Amino acid sequence: MMRIILFLLTNISVMLVFGFLLFIVGIQQNSIESLMIMSVLCGFGGSFFSLIFSKWIALRAVNGILVKQAKTEQEEWLIKTIQKYSKIVGITTPEISIYPSLEINAFATGPRRNSALIAVTTGLLQNMNKSEAEAVIAHEISHIANGDMVTMTLIQGTVNTFVIFFSRIVATIVTNFISSKKNEDNLNTSNYPIFYFLVSMFTEMVFGGIATIIIMWFSRNREFYADAGAAKIVGIDKMVAALKKLQMQNDQMNKGISSVTALCIHGQESFNLAKMFMSHPPLQQRIEALYNRDYL
């Protein structure tokens, strides 16, 4: 789950830094209005930082190489296919990258519809026929055309805001309660700031876990729409064939290898609790949705 993990970890890291700064400047002692303003700034700061630098982070995470000029027939085909489908949906041709991996996979990222990146694995180019590969590319093009990364960023920023705000409200309530008890017992309350910081970080992680469930639900939902968008471009049969090839890969790998999954093509089965944290629906559900034309 490389790409989704990168997005969330970058976002969480920025949030933690901002959270530490809030603690240093004593924002917990200010008014509710000030706390809300700072929560909005910090909450959206992490998600927008992740979005703005998403292409740079992704390329370095997967050791991807940008393909600016075709050096092989395969690269020429890839460039022309992406250009063709980009024109169909009305977006600027994304930057193109190939990264080394045995997995059949691909992902799309970028701050805007007209400033995006599509990356595909060497495994995809080697193990998929052109029809299947076209469906995968169309799937990623659909993600870009739908503006899914920007929408995910806005949702992430919103839940971040509430995570930061309520974590500090809870920390203030708990710390004040403990402090009042200590005062009644004439105990030292000099550790109040440290205790506040620890409680706020703990509650931020707890609320952050709940927020992740919301983000993953959105991500799973958008996969169905990306599949439907790809089916409109290349046809349902090609999209289903691509998903079945991925299903075959999952069976062969015994579901044991992680994959790039933020706005990518891959999806694996999991047990019920873990499904809430999955960025992609099970492949069989996606195939059935296409046959039922649920999102077309």
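Predicted, not measured: the structure shown is a model, and the values here were computed from it.

Attention now goes to the UniProt feature "active site" (unreviewed entry) in the protein. Mapped onto this numbering, the UniProt entry annotates "active site" (unreviewed entry) at Glu140. Examined against the element boundaries, Glu140 turns out to sit in helix α6 (residues 130-145).

Once that is clear, we can look at the pairing of strand β3 (residues 106-112). In terms of burial, β3 is largely enclosed, as five of its seven residues are buried. In this sheet, strand β4 (residues 115-121) lies alongside β3 in antiparallel orientation, the contact comprising five bridges. Within β4, the position partnered with Phe107 by the bridge is Ala119. The antiparallel pairing of β3 with β4 creates a hairpin that spans two residues between the two strands.

Its 16 residues place the ends of α6 22 Å apart at the C-alpha level, agreeing with the 22 Å of an ideal helix rising 1.5 Å per residue. Counting buried residues along α6, 14 of its 16 residues qualify, which places the element largely inside the surrounding structure. At the N-terminal boundary of α6, the capping side chain belongs to Asn129, with an oxygen 3.1 Å from the backbone nitrogen of Ser131. Backbone geometry just after α6 places Gly147 at a positive phi near 65°.

Here the structure, examined in full by the defined rule, presents seven aromatic pairs. Considering the side-chain rings of Phe49 and Phe53, the 4.7 Å spacing of their centres and the 40° angle between planes classify their relative orientation as tilted. Relative accessible area serves as the criterion here: at 37%, Phe53 is assigned to the partly exposed category. An aromatic cluster is defined as three or more aromatic residues linked by ring pairs; in this entry it consists of Phe162, Phe165 and Phe166.

Rules behind the numbers
- Residue positions are given per chain, counted from 1 along the sequence in the order it is written.
- Owing to the predicted nature of the model, reporting of local features is limited to residues with pLDDT of at least 70; listing and counting of side-chain atom pairs is limited to 80 or more, with chain, interface and lining totals taken over all residues.
- Hydrogens and water molecules were not included; the side-chain quantities draw on all heavy atoms of the structure.
- UniProt positions are given in the numbering used here, feature names are shortened, and annotations may be inferred rather than shown by experiment.
- By definition, any uninterrupted DSSP run of H or I lasting at least four residues is a helix, any uninterrupted run of E lasting at least two residues is a strand, and each is numbered from the N terminus.
- Buried residues are those whose accessible area, probed at 1.4 Å on protein chains only, stays under 20% of the maximum for their type, while exposed residues exceed 50% and partly exposed ones sit between those limits.
- Strand pairing is defined by DSSP finding a minimum of two bridges between the two strands.
- Multiplying 1.5 Å by the residue count of a helix minus one yields the expected span of that helix.
- A 3.5 Å cut-off defines polar contacts: any pair of N or O atoms within that distance qualifies, except that in protein one atom must be a possible hydrogen donor and the other a possible acceptor, and neighbouring residues in sequence count only when both atoms are side-chain atoms.
- The pairing test for Phe, Tyr and Trp rings, Trp by its six-membered ring, is centres within 6.5 Å, and the orientation test on the planes gives stacked under 30 degrees, edge-to-face over 60, and tilted for anything in between.

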